[in-house]
Amino acid sequence: MTEPDVPDLQAAARDHLWLHFARHSAFRDGAEVPMIVRGEGAYVYDDRGRRYLDGLSGLFTVQAGHGREELAQAAAKQAAELAFFPLWSYAHPKAVELAERLADAAPAGLERVFFTSGGGEAVESAWKLAKHYFKLVGKPTKHKVISRAVAYHGTPHGALSLTGLPGIKAPYEPLVPSGFRVPNTNIYRATAHGDDPEAFGRWAADRVEEAILFEGADTVAAVFLEPVQNAGGCFPPPPGYFQRVREICDRHDVLLVSDEVICAFGRLGTMFGAQRYDYRPDIVTFAKGVTSGYSPLGGMLVDERLFEPFSKGTEMFAHGYTFGGHPVSAAVALANLDLLEREDLLGHVRRNEDAFRATLERLLDLPIVGDVRGDGYFYGIELVKDKASRETFTAEESERLLRGFLDKALYEGGLYCRADDRGDPVVQLAPPLICDQSHFDEIEQILRAVLTEATGRL
């Protein structure tokens, strides 16, 4: 059987493939679907042979870069030995080995690992665990969860209920009740203490306590926060923010969930984002970078005290996924962790993050660039209509700027990244952890050319 040629693939894609988060009207009248066929290092290649710098690590995922044969070989070896067996009351060696490895690398106290297939499932699992745990310890009214405005936590109904993006929630309402929002940590748009990061951090953290008290501490089970919030354009925490949130959660017996689907496994230069900002979560959700995207895997790391009520009598966590902790994915994850350690990719990020920031900050001389923010290899560039006033674009202007021009222009310029307006218009960058100054310069040069043209179009 021969592979279909390029036109046949394009027709099949338009006729049969339902893309995720995609406007299919863009592919009417024969317009081509971008078709990525291979990857090598920090680059991917399309079906025409054109090369693109992967400025988003696929989807904040390919930490070790593309084309890593050792990861593919780990998958093949495991598939030949044991391709599949579920973790439903049974174990297999690779899940056990990976659970131990992750527990050893995690913040103190997170000793139990519950595996899922991906990040949305991990968030879903954490909410279910929080509710079930409090029922078992005699606090059955604690079921509500608090998350931040504009934050994205996934697409399953529970995870979507935690998500603070009204536009992507509205089509699926009614959602799971009991999700409540507090302000995020976008100091560039701060309405209070914008000139004092520590004061802003206290203010933002105090909004969490305010929400707990307003709803009633006896009804709130958990607070879900990303170390660096993705949606809206990479909001790092102000100094002291997470320490104060930890104090608030302890005071009101509320679980702190660190949603690290993006931020774990070196994205911020540490194995977990909580370690970067020195706070202790009760649950860490993870996915994406645990395998560098070479096989689907997610999960949650759980404080041992949350497991304890399930270790007695007939109790069980009535929850699971067919492919959670899949043997092939677990084998790939172990090989990926070996690779991250052997090549010291976490140290590489820490040694180069200041250079990455400084290179992106060169773009601040452009009138359209209002803010450059982030940490590690995870940055957002906020675009503005007027730099002095920080005036943003109208919805119609943003549509024309991002989808009408930037998306296509950046791709044609050889850079795959994200131009997004979930919140204010931003360009997001999260390159593979192998990247160095040569890649940073290439990113900056492409962005400079495209954003300069965008400025002329305003």
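Each remark here, short or long, concerns the structure printed above.
Keep in mind the model is a prediction, meaning the values are calculated, not measured. (Residues numbered from 1 in each chain as written. Predicted model: local features only at pLDDT ≥ 70, side-chain atom pairs only at ≥ 80, totals over all residues. Heavy atoms only, no water.)

Novice: So what's going on with the pattern of salt bridges? Which residues, and what values?
Specialist: For the coordinates displayed, the defined rule picks out 42 salt bridges. One salt bridge connects D206 with R244, and the closest N-O pair in it is separated by 2.7 Å. Of this pair, D206 sits in helix α8 (residues 197-215) while R244 sits in helix α9 (residues 241-252), and the two are 38 residues apart along the sequence. Residue classification places R244 among the partly exposed positions, given a relative accessible area of 29%. Two residues, E382 and R373, come together in a salt bridge whose shortest N-O distance is 2.9 Å. (Salt bridge = Lys/Arg side-chain N within 4 Å of Asp/Glu carboxyl O. Helix = DSSP H or I, 4+ residues; strand = E, 2+ residues; numbered from the N terminus. Buried < 20%, exposed > 50% of the residue type's maximum accessible area, 1.4 Å probe, protein only.)

Novice: Go over a negative patch on the surface, please, and point to the residues and values.
Specialist: A contiguous patch of negative charge on the surface is contributed by E97, E100, D104 and E111. The greatest single-element share of the negative patch, amounting to three residues, is contributed by helix α4 (residues 93-105). The topology assignment puts E100 in helix α4. (Patch = residues over 30% accessible without salt bridge, like charges linked within 9 Å, V, L, I, M, F, W, Y side chains within 5 Å. Areas by Shrake-Rupley, 256 points an atom, 1.4 Å probe, with all protein chains shown as cover. Lys, Arg positive; Asp, Glu negative; His and termini not counted. Charge placed at Lys NZ, Arg CZ, Asp CG, Glu CD.)

Novice: So, unusual backbone geometry: which residues are in play, and what are the values?
Specialist: Residue P174 follows E173 across a cis peptide bond; omega there is 5 degrees. In this fold, P174 is placed in the loop between α7 (166-169) and β6 (179-182). Unusually for a residue other than glycine, D278 sits at a positive phi of about 60 degrees. Its place among the elements puts D278 in the loop between α10 (273-276) and β9 (283-286). In the Ramachandran plot, K288 falls in the positive-phi region, its phi being about 35 degrees despite a non-glycine side chain. With respect to the helices and strands, the residue K288 is situated in the loop between β9 and β10 (298-303).

Novice: Help me get a handle on the side chain of E382, residues and values and all.
Specialist: Within the fold, E382 resides in strand β12 (residues 378-383). A relative accessible area of 0% places E382 in the buried class. In terms of polar contacts, E382 uses its side chain to reach the side chain of R189, at 2.8 Å. Residue contacts for E382: discarding those within four places in its chain leaves N186, Y188, R189, I368, V369, G370, D371, R373, D424, P425 and V426. (Polar contact = N/O pair within 3.5 Å; in protein donor to acceptor, adjacent residues only side chain to side chain. Contact = heavy atoms within 4.5 Å.)

Novice: So what's going on with the sheet that holds strand β14 (residues 418-420)? Residues and values would help.
Specialist: If you trace the four strands from one edge of the open sheet to the other, you get β11-β12-β15-β14, paired in antiparallel fashion. Both outer strands of the open sheet, β11 (369-375) and β14, are each paired with one neighbouring strand and no more. Within the sheet, the average angular offset between the axes of one strand and its neighbour, ignoring direction, is 20 degrees. Direction of pairing for β14 relative to strand β15 (residues 426-429): antiparallel, over a ladder of three bridges. (Pairing = 2+ DSSP bridges. Axes fitted to C-alpha atoms, helices over the stretch in contact; angles between N-to-C directions.)

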